[in-house]
Structure formats: C-alpha cells, structure tokens
Amino acid sequence: MPLFPRKSSRKPEPPVVIPALSPQAAAGSGNPRIIEVGKELLERARGHKTGLLSAKFYSDWLMEWSMKDPGFKVQMFRFVDAFPMLKDGEQIYTHLTDYLNQPGVSVPPVIGTALKAGALAKGMTAKIVSSQIEGMASKFIAGHDAASALPGLKDLWGDGIAFSVDLLGEACLSDAEADEYQRKYLDLITNLPEQVAAWKGQPRLETDHLGAIPRVNVSIKISSLSARCDPIDTEGSIRDLMRRIEPILETARDKGVFVNFDMEQFAFKDLTIELFQRCCEKIKFDAGLAMQAYLKSGVEDAKRVCDWARAKNRLVSVRLVKGAYWDYETIKAEMNGWPCPVWGAKWQTDACYERMVEVFLDACPRTAGGGGVKLALGSHNARSIAAAIAGLESRGLPRNALELQMLHGMADQLKHAAVEMGLRIREYVPVGEMIPGMAYLVRRLLENTSNESWLKAGFLDNADADKLLAAPSGPSPKADLAEVGPERHKLSHAPEGVGNGRPFFTEAYRDFSRSQVQEAFAAAINKATVPKIANDRTPAQAAEMVAKADAAFPAWRDFDPRQRASVLVKAAATLRAQRDALSGVMIKESGKTWREADADICEAIDFCEYYARQAVPMFERQRLGRFIGELDEQWYQPRGVAVIISPWNFPLAICCGMTTAALVTGNTVIVKPAEQTPGIARIMFDILQEALNSVGAPKDVLHFCPAPGETTGAALVRDPKVAVIAFTGSRDVGLDILHASSPPSPFSGGSAASSLSHIKKVICEMGGKNAVIIDTSADLDEAVLAVRHSAFGFQGQKCSACSRIIVVDPAGEDGPAITNFLRRFVEATRSLSIGDPLLPGTDVGPVIDEEAKAKINSYIEKAKSEDCKLELQMPLPASAGSRAFIPPTVFSHVKPNHTIAREEIFGPVVAVMHAKSFDEALKIANSSAYKLTGGVYSRKPSNLEQAKREFRVGNLYLNRGITGALVGRQPFGGFGMSGVGSKAGGMDYLLQFVEPRASAENTLRRGFAPEL
Ligand SMILES: Cc1cc2nc3c(=O)[nH]c(=O)nc-3n(C[C@H](O)[C@H](O)[C@H](O)COP(=O)(O)OP(=O)(O)OC[C@H]3O[C@@H](n4cnc5c(N)ncnc54)[C@H](O)[C@@H]3O)c2cc1C
C-alpha cells in the first residue's frame, strides 16, 4: 500500500448581505427542545472520562499561559509558526528568547527558569519547548502520512466514530506542487478503501435515511490542486483545477469514496461553489461541500446551493461550519478597504448557522432518488448541534438524516456523548508533515484559546448550561472597519469643505473575486480606446507654454487654496467614475495586467484626494508661540512654473501625483508625459482642465506638452522661467536634469549668475536595484509568492521591483536553504502565465517597447557571459506574436560584482545571491548605490529589528512584497542614486513645491498689547 510512501518534498457576486440579525430575530429561534437536547449532550459530555484529556491539554504550561497573557500568546504562537523551520537547538533557543523578550510578554516559570540559566541551558530549553509543540501538533494532526494515521483511524472506527482524511499541505505555488498533491490524493483514494475493507461493519456509520454511505471519506482543498487558482480568472482557474480534480473524482466514484470540498478563504468561495457544481454535474461521485456561517452571505449561499441541487436533481452533502479564517478575513478586508465579509459578532455567526441549518434541512430529501442536500454539522458547540437536532425532529426527519463532524483532537467528550445518543459522528483527521501542518496547528490553537470559543466556555470555564445553550443574541457589533477607516487611521488633515470633510483613505482596489466586478471590468477595458497623441511639440512651442504659464502664475498663486483643493477632488471623482475604462487605456497603451492597471488608477485617485487635504493648511498662517506683544507667523507660497516629466511605467499615477501636487500648491504646470504613454496622460490632462474650468481657474494654468524628451524635454528643464521640475525616470536623465537646472557658478566665468531671478527646485526619483533577503526562518509559502510578484509584476518594470534575492544559507551557496528556495521559486515562476494583458489570467505581458526588450536582453546575455547560472528563462507562448515579450528569467550564483547585481535592468530578470549569515545579507543588500526599496522575509524578531536599523533604503518592507506602496500609508521614495526629494504620497511631499515665509509683528502699542 503506498499511501504516499514516497518522501514528501519536505516540504463574484458581491456578498449578498442579509440584513443584520437583530437580537430579537435571533431569540425567535429559542425553542425548549433545543435546550433539552443541548442539556443531554452537555451532561453526557461533561460526565465522560475523555474530558480529563481535554482538561490536560489546557493545563499544559504553554496553553495555560497563553490564556493568561495575551502578549505571551501572540509571541508564542508566532514562534510555533516558525518552529518547523528551525534546524537545531541553537536556532530554537535564539528564536524563542527573541520572541519572549518582546515588550509586554511575561514568561511562565517552567520556561523562565530555563531561559535564566542562559546559554548553559540552551539544549534543555529547546527540548522543553520542542516536546510541548510536538505534543500539541500530535494532538491535532493524526500522522505524518495516511499510513501512519491508519491505526488511529481503526481505533476511532472501533469506538463508533467515522473519519474524513485531510491532507495538510504547504501553499501550492507551482504546477509541480499541484501535481504532487494530486498524486497524494489519488494514492489515498485508491488505497484506503482496501485498507479499511476488513474492518468490522458499523451500520450506524455506513447508512443514513437514504441508504448506504461510503466508509472512506476524504476532504480536499481546491487551492492545493492548482497554482493558478485565482478568482480573477474563474474560467481559467476552473480549467486548470478540473485537469487535476477530474481524475481524483473519477477514481473516487470507481472506488466508492466520498469526497468533500473544504471551504477556504472568502475570495475562493464563489469559485469553489462553481467548481463543485460543475464537478457534480459531470461526475457521479459521492459529493460534499463545506459552507461557512460566519459569512454575511451565508444564508444566500445556502439557498443557492439548495436550489441548484433540486434543479439538477443531484444529491450532495453540505458540511456546515462556522469558518476557520475569521481573523484573516477581518484583517484582509480592513487592509483593502473592503466591506468585511464575515459577521462582526460571534452571536451573529451562531444565529446565521441556525438559519442555514433550517435552509439545509428544508432541502433534505425524505426518500432516495431525489436531488437535495444532506446536512453534516461541523461544530463543537452543543447549542448549534441541539438546534439542528430539534430542527430535524420538527420536520419529522430521522436522526440518521444528520451527521455530526468534529475535528481530530477536539471535543472528544462531545464525540462520545454523540455516540451514546445514537448520532452518526465523523472525525476530520488531518495528516501531514510538520511544516505544512503548522498553519493548521496555529488555527486550532487560536480557536481553542479564543474567548469566543464555545468549547473553552463549555469545558474549561465550565460555564452554566443555560448560558451555553441560550439562543444566540447580543448587542449590535461595532461598525465595519472599512466604514470608519478614515477616522480610525487619520492619514491626512480633514479641512472643512474639502471633499467629504473626512480624512483621506486609500481607494479600495477592485475585488476581482466577485463575478460582477470581473464582468464590468472586462466589458469596459475591451471597449476602451487609446487617444492618438503625437509627441510633436517643439522646443519653441514648449517655451510658449512656459511663458503663458508664467503669466498665469500670479492669479493662480493668489487663488483660494480651498478652491484649488476642490479641483483635485473633482478630478478624483471623474477618475473614479471612469475607472475601468481608464484601466483599459493603460492595459492597451502600456501592457499592464488587470490588477496593475487597477492599482495605477487607485493611486492616481489617492494622490488627488490626499494632496487636496494636505495642501489647504499650508496656506493658512500658523502662529508660532503665544508671546504677548509679538505675533510670529509662518505660511507657504507657491514657487512658480512647474515642469512635470513623467514615466511610462505608472503612466497615470505618477503623472497625476506630480501634476496635482504642483497644481494644488498654486504652481502653474507644464506636463510632459513619457513618449510611450501620452494617451492616458492626455485623458488626465482633460479631466484636470475640466475641473479647473469648473472652479473658474485662470486660463493657462495647465499645459500639455507631448514631445520627445531629448529635445523639447531638455529645453523645458533649461528654461529660465521654470521654477520647479518634478521628474521620475531613469538615473541618467535625472542626473542630466539636476545638472541642467543647477545655477551657473559665478566663479567659472560669465555673468549669468547675476541675471538669475530664482534657483530651480528639482524633485527627482530615479530608480532602484532592490533586494529582498530570505532569512533561514522565512515562511517560504509567503516569501516565494511575494518575491515572484515583486520581481515580475508588470514585467519587473517598476523602480521598486525586486531584482536581487539574497538567500541566507549557512551551509553555503548550494546549501539546503538556498536550494529549497530556488526550487520553489523557479517552479512558482514557471507557473506564471505569459500573454495578452487584456485577459484576466495573464500574469506577464509584453515589456514597453523594442528598445526596452533589446536592453533587457543585453543584460541577460551579459549575465550568461559572466557565468551566472541561468535557472529559468520561460519559453514564450505562441500567442505572444510579434509584441515585445521578455519571459521571466532567473539567475543564480550571482556575485555582488556581477553586472546584473549592480545595474538597474527594468525588466523581468532576477538575480539570486547567497549570503552565509543575516549580517552578510545586509551588507550585500546595502552595497548598491541605489537606495529605494528593500525587503526581508524572516521570523526572527531581532533580525527584523536589525533590518530596520541597518537596511538603508527609502522603503523597507518586512515579510511582504516590496512593490505597491500606498499613498498616505507607505510614503514612497529613496535616496542615494535613487533620487532627491522627499516621499511621494507622504507628509512632506508638497513642501517641495512651496517656499516658506514668516512674519514677526510687534503688537505692543504705548505699553499695552491685545492679549494681556
Ligand atoms: C469537521 C470539520 C470540518 C471543518 N472544515 C472547515 C472548512 O472547510 N472551512 C472552514 O473555514 N472551517 C472548517 N472547519 C473549522 C470550523 O470553521 C471551526 O472549527 C468552527 O468554526 C468552530 O465552530 P464551533 O461551532 O465548533 O465553535 P464556536 O466556539 O461556537 O464558534 C467559533 C467560531 O465562531 C466564529 N467567530 C469567532 N469569533 C467571532 C466574532 N467575533 N464574530 C463572528 N464570528 C466569530 C468563528 O467562525 C469561530 O471559528 C471545520 C470544522 C469541523 C469540525
């Protein structure tokens, strides 16, 4: 029997918001029979001897202390998460001390004593902690593979408890990993039936009211079966998933195995339901689907599945759970500014659970042969279970129409109570190695220690039965975090009358997991047309624009600052209204993929809204001090004519950010966009011009100058009337601008200096050679994906892109850490899809033009000639046609002196480098003259702290990707050869477009002053 003996490689619709449940509505589900059944279950459970085991779990020092000290719990669970990556006692000890030395953490005596003994007791400390964590893991994870879990499954069966086997896995990052999961599932489904065939019959476990049910039950997670499981592309994802799922389901059908689709994060919900339904319609297997009651869309989801099952005359099971990712969903929604998909209060989840139970019980067939839903309850909450049993009885359905399911290692006393009550109970049994098992273990630890946990209340706190079994009700939860975001975060001033009067908050990206969003976006981008703009303005025409802008300056300088701000707010509204169409223009003009284009326009809107709010207070006189008899004040004035020279890689966002910053601070503006992307810049210009007109702004405040950089651009920056130049682009052009705009030296001949009226201010953002350090304790599931996105998003054509990956491996350049990282990174990169950016599933589009392609190719050739090792250069698909594609390319064995480790490439080419230690990695990272972005993946707190101190870049990102800075949240910009000037989207950015003025007035008159 294999049961995967080969060594594992070590490893929508908008949520239909049902009306918030009121306490009254929930209390309406109060029913004496629920209390009766609940009490029976609870009493039997409390009396059962397995309760002692549960109590022991909570009394182990790690869990006990976790519940006493929330600070310890956070740090300890973080340590548990990192634990499997730690190779020896030394690493365990240093990481543990690091975590437990964080501020606000108290340490339990058992470990405190060992820690106090210091280095002498390293081995002992590591041993105590390792055995505790391994003990906990073995409580929730039944074995390292199915074969090792088999004896336990047999014992369970003997005790009258069925099972569903779940294969724990690392995140699936590549086709190779997806294939490996498929192999394991196939192995399980093929071999497990033979293994269990000889077990004694258990009629209660093998039949329900409609007939026989399979003995072998397997749970699968769809995300483990495709590296392209991305809800932005439903059809593409389903195609790739079906490729691997179909053989699994066909084997399951032939072997008589039940397969349940687990439900994962909300983003996958609609995709999972759609896939499940298509699979069921195509293959006649025993099918189950997990559905979550913590979703506000829970009841609608339940109705959708029931209606489908009836309509298709298909019998399926639904495992109703509350949901395992509550914290994640809450955090993710807040970060994205999306409405939270999960209920805000625990009682709402419980109430929704009971309402979903009703929907499913109504859909339960009474006789064999019909379509509908059989209900399985995935809960350890006696109230939730009792409500379902009462619902069953009130419909005259037999008890065996319902199945109870509980997790391995949890609520054993409830399981045995259920057996005693003649209920069919199944245990969900995860098997797998430590590394992939950790995410599951941490979810269980959080669940067991949560103050919201019914299990903890029922069996640890021994709460009163009436309280435990009461109908779900409670106070209305606090407002959705997305609704109160602006006030909660206060990212900007909130001047009265500017915009909505609230502080700035980042524009939410499109949630492409929603099918309506996808469809509207696809329709808009397909219709979009790129304005045809000739880059033909001459230096003479540019000089004329400057002269007009100079003449318009005094009136605009003295214009009401609030009105100037309202121009930006109006422009933001127009951008928002045309958002998807403008994405279409960028996709067609610059080759951005869907998400990249959407992020670009969000950033443009953000600049408008943010700078509008930040500018107004700058022009209000601020009093300094409160001296009686002396009025000291400071304020700012605009500088004059500003020239904006913008790049093609953020053709809207950066152009809009620099232009609006200059305008809102009272400067008149000439916009010279990149020659590659004048179309989107023209649209921006028209939008701003319309907004200027609407407030009666003076004529000639804003000019559009599409033109060649070498001639007209060069003339513009040299025009003596120009006061400010804001530039983003290459280092060489940036240096030329800095040089051209500096005043002549009075000591090098000529009298030019004496004719000057002002000195030009230059704001210059020039580029990067950004590194990400992968430390030994890095979470590779996350690091690989984030680095892949940072390196190849928009084809690597971002100044913030990752172009060096520095992997720490004490064992050398070919050691296990770097080899493992490279293997996963290369395979993950291989699964990217290259093609037409108009298609949702495309990850990598063409580079901007042939010139860029030739330059990037020359770096690839150089790397080969310098003996860097080419790990991957993906083949181009036939569909690439004649466009300028460069496939993602990975080199390893790159040394700091190699050209591709030093020079900015601006394309999808990444250099993987080796460092023996974290210190050495920092040294390599800092060795570049560019100082823009940098990243660290590490789970060692002191290394993260060291990076904050010593990794000298403008924007440092820890345990996340290094691109995609958000206005107001991650002010963006670097130093060294990355540029001069302060950060775009930050507090000081606008200060560069103004000059400070101050006045001091003596208010003392003949010995008296107003304020005394
Ligand atoms: C057999 C089985 C299979 C499972 N499969 C899946 C699966 O496929 N997908 C999945 O996501 N989960 C799955 N789970 C995990 C399951 O979601 C949790 O174990 C379950 O939510 C715990 O609920 P309970 O009724 O046992 O406990 P309770 O203590 O009654 O409920 C705890 C749950 O309430 C919810 N909650 C907690 N705090 C709040 C709050 N402040 N506001 C709103 N809601 C809150 C959360 O969902 C939390 O898990 C499965 C569980 C079982 C038993």
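What you see is a predicted model, and the numbers here were worked out from it, not measured in a lab.

Novice: Just to check I follow, could you spell out the overall build of the chain for this structure?
Specialist: From N to C terminus, the chain includes 37 helices and 28 strands. In terms of overall size, the chain behaves like a compact globule, its C-alpha atoms giving a radius of gyration of 32 Å where 1012 residues would be expected to give roughly 31 Å. By principal-axis analysis of the C-alpha atoms, the chain measures approximately 105 × 75 × 65 Å. Burial statistics for the chain: of 1012 residues in total, 59% are counted as buried. Carbon and sulfur atoms make up 54% of the accessible area of the chain, which totals about 39200 Å². Positive and negative side-chain charges of the chain, numbering 119 and 119 respectively, have mean locations separated by a distance of 1 Å.

Novice: What is the right way to read the nonpolar core from this model?
Specialist: Within soluble globular proteins, side chains that are nonpolar tend to cluster in buried spots. Of all hydrophobic cores here, the largest spans 147 residues; its most connected members are Phe 79, Phe 261 and Phe 360. Of all the elements, helix H17 (residues 382-394) adds the most residues to this core, at 8 residues. Those residues in contact with Phe 261, other than ones at most four positions away along the chain, are Ile 220, Ile 222, Ile 245, Leu 249, Leu 275, Phe 276, Cys 279, Phe 285, Gly 288, Leu 289 and Ala 290. In this structure, Met 586, Val 669, Leu 692 and Val 701 belong to the second largest nonpolar core, which totals 75 residues.

Novice: Which parts of the structure should I look at to understand the side chain of Gln 91?
Specialist: Here Gln 91 is to be found in helix H6 (residues 89-100). Classification of Gln 91 by relative accessible area gives buried; the value is 17%. When residues no more than four places from it in sequence are discounted, the contact partners of Gln 91 are Met 85, Leu 86 and Thr 776.

Novice: Got a minute to help me understand the sheet that holds strand E15 (residues 702-704) in this structure?
Specialist: Strand pairing in a sheet relies on backbone hydrogen bonds, with the paired strands running either antiparallel or parallel. The 6 strands lie next to each other as E15-E14-E13-E16-E17-E27, forming an open sheet whose pairing is mixed. Each end of this open sheet is capped by a strand with a single partner; those strands are E15 and strand E27 (979-980). Where strand E13 (residues 641-645) and strand E14 (residues 668-672) come together, 5 bridges link them in parallel fashion. Within E14, the position partnered with Ile 645 by the bridge is Lys 672.

Novice: Explanation requested: the state of the cysteines in the structure shown.
Specialist: Between two cysteines, a covalent bond joining their sulfur atoms is known as a disulfide. Following the criterion strictly, the structure yields 0 disulfides and no others. Residue Cys 306 stays outside any disulfide, its sulfur separated by 9.8 Å from that of Cys 364, the closest cysteine. The class of Cys 306 is buried, set by a relative accessible area of 1%.

Novice: Mind showing me how you'd approach the pairing of strand E4 (residues 217-220) here?
Specialist: Sheet faces and side chains relate simply in a regular strand, where the side chains alternate between the two faces. Residues of E4 alternate between two faces, with Asn 217 and Ser 219 on one and Val 218 and Ile 220 on the opposite face, all of them buried. Sheet analysis places strand E1 (residues 162-167) next to E4, joined by 2 bridges and oriented parallel. Across the sheet, the residue bridging to Asp 166 is Ser 219, located in E4. Two elements, E4 and strand E5 (residues 258-261), share 4 bridges in a ladder whose sense is parallel. Residue pairing for E5: Ile 220 is matched across the bridge by Phe 261.

Novice: Looking at this structure, I do not really get the site of the ligand. What am I missing?
Specialist: Taken together, 30 residues sit near the ligand, with Gly 323, Thr 349, Ser 379, Glu 447 and Trp 454 positioned nearest. Interatomic distance of 3.4 Å between a backbone N/O atom of Trp 343 and a nitrogen atom of the ligand. Surface burial for the ligand is 93%, taken as the share of its 940 Å² of free accessible area covered by protein chains. When residues of the shell around the ligand are traced back to their parent elements, those giving at least two are strand E6 (286-292), strand E7 (315-321), helix H16 (346-362), strand E9 (402-407) and helix H19 (434-449). Examining the composition of the shell around the ligand, we find that 3 residues originate from one element, E9, more than from any other. Broken down by class, the residue content of the shell around the ligand amounts to 13 nonpolar, 10 polar and 7 charged.

Novice: Whenever I open this one, the packing of aromatic side chains confuses me. Can you help?
Specialist: The description of an aromatic ring pair rests on the distance of the ring centres and on the angle between the ring planes. Counted by the stated rule, this structure contains 22 aromatic pairs. Arranged with centres 4.8 Å apart and planes meeting at 45°, the rings of Phe 521 and Trp 594 form a pair that is tilted. Note that Phe 521 is positioned in helix H23 (residues 515-527) and Trp 594 in helix H27 (residues 594-615), a separation of 73 residues in sequence. Note on accessibility: Phe 521 and Trp 594 belong to one class, buried. Between the aromatic rings of Phe 685 and Phe 704, the centroid separation amounts to 5.4 Å while the plane-to-plane angle is 25°, which identifies the pairing as stacked. Here Phe 685 is found in helix H29 (residues 678-694), whereas its partner Phe 704 is found in strand E15, with 19 residues between them in sequence. Note on Phe 704: relative accessible area 5%, which makes it buried. A connected cluster of aromatic rings, assembled from ring pairs, spans Phe 504, Phe 607, Tyr 610, Tyr 611, Tyr 989 and Phe 993. We note Arg 444 situated over the ring of Tyr 440; from NZ or CZ to the ring centre the distance is 4.7 Å. The lysine or arginine in question, Arg 621, covers the ring of Trp 635, its NZ or CZ lying 5.8 Å from the ring centre.

Novice: Quick question: what am I supposed to make of the environment of Ala 479 here?
Specialist: Along the chain, Ala 479 falls in the loop between helix H21 (465-469) and helix H22 (481-489). On the basis of relative accessible area, Ala 479 is assigned to the partly exposed category, the value being 42%. Taking the C-alpha atoms as reference, Ala 479 lies 37 Å from Thr 842; in sequence the two are 363 residues apart.

Novice: How should I be thinking about the layout of surface pockets in this particular structure?
Specialist: It is the rolling of a water-molecule-sized probe over the atoms that shows where space remains empty. Put simply, the second largest pocket is a space of about 1300 Å³. Lining the second largest pocket are 48 residues, with Trp 648, Gly 729, Ser 730, Arg 731 and Val 733 positioned closest to its centre. Grouping the constituent residues of the lining of the second largest pocket by class yields 24 nonpolar, 11 polar and 13 charged.

Novice: Sorry, what's going on with the environment of Ser 928 here?
Specialist: Within the fold, Ser 928 resides in the loop between helix H36 (918-926) and strand E23 (930-931). Distance from Ser 928 to Arg 902, taken between C-alpha atoms, is 6.4 Å for residues 26 residues apart in sequence. Once residues lying within four places of it in the same chain are set aside, the contact partners of Ser 928 are Lys 769 and Arg 804. Of note is the side chain of Ser 928, whose polar atom sits 3.0 Å from the backbone nitrogen of Tyr 930.

Novice: Please clarify how the environment of Gly 201 should be interpreted in this entry.
Specialist: By the element assignment, Gly 201 lies in the loop between helix H10 (175-197) and helix H11 (203-206). Between the C-alpha atoms of Gly 201 and Arg 824, which are 623 residues apart in sequence, the distance is 45 Å. With residues near it in sequence (within four places) discarded, Gly 201 still touches Glu 206 and Arg 215.

Novice: Please explain the pattern of salt bridges as it appears in this structure.
Specialist: Tallied over the full model, the rule gives 70 salt bridges. Between Asp 166 and Lys 221 there is a salt bridge, and its shortest N-O distance comes to 3.4 Å. Taken together, the residues Asp 166 in strand E1 and Lys 221 in the loop between E4 and helix H12 (234-255) connect sequence positions 55 residues apart. Taken as a pair, Asp 166 and Lys 221 share a single burial class, namely buried.

Definitions and cut-offs
Residues numbered from 1 in each chain as written. Predicted model: local features only at pLDDT ≥ 70, side-chain atom pairs only at ≥ 80, totals over all residues. Heavy atoms only, no water. Helix = DSSP H or I, 4+ residues; strand = E, 2+ residues; numbered from the N terminus. Rg over C-alpha atoms; globule rule 2.2 N^0.38 Å. Buried < 20%, exposed > 50% of the residue type's maximum accessible area, 1.4 Å probe, protein only. Areas by Shrake-Rupley, 256 points an atom, 1.4 Å probe, with all protein chains shown as cover. Lys, Arg positive; Asp, Glu negative; His and termini not counted. Charge placed at Lys NZ, Arg CZ, Asp CG, Glu CD. Core = buried A, V, L, I, M, F, W, Y, C linked by side-chain atoms within 4.5 Å. Contact = heavy atoms within 4.5 Å. Pairing = 2+ DSSP bridges. Disulfide = S-S within 2.5 Å. Near = heavy atom within 4 Å. Polar contact = N/O pair within 3.5 Å; in protein donor to acceptor, adjacent residues only side chain to side chain. Nonpolar A, V, L, I, M, F, W, Y, C, P; charged D, E, K, R; others polar. Phe/Tyr/Trp six-rings, centres within 6.5 Å; stacked < 30°, edge-to-face > 60°. Lys NZ or Arg CZ within 6 Å of the ring centre and 35° of its normal. 1 Å grid on protein atoms, 1.4 Å probe; cavity = no way out; pocket = protein on both sides within 12 Å on 5 of 7 lines; lining within 4 Å. Points joined across faces, edges and corners; volume = space filled by probe spheres on them. Salt bridge = Lys/Arg side-chain N within 4 Å of Asp/Glu carboxyl O.

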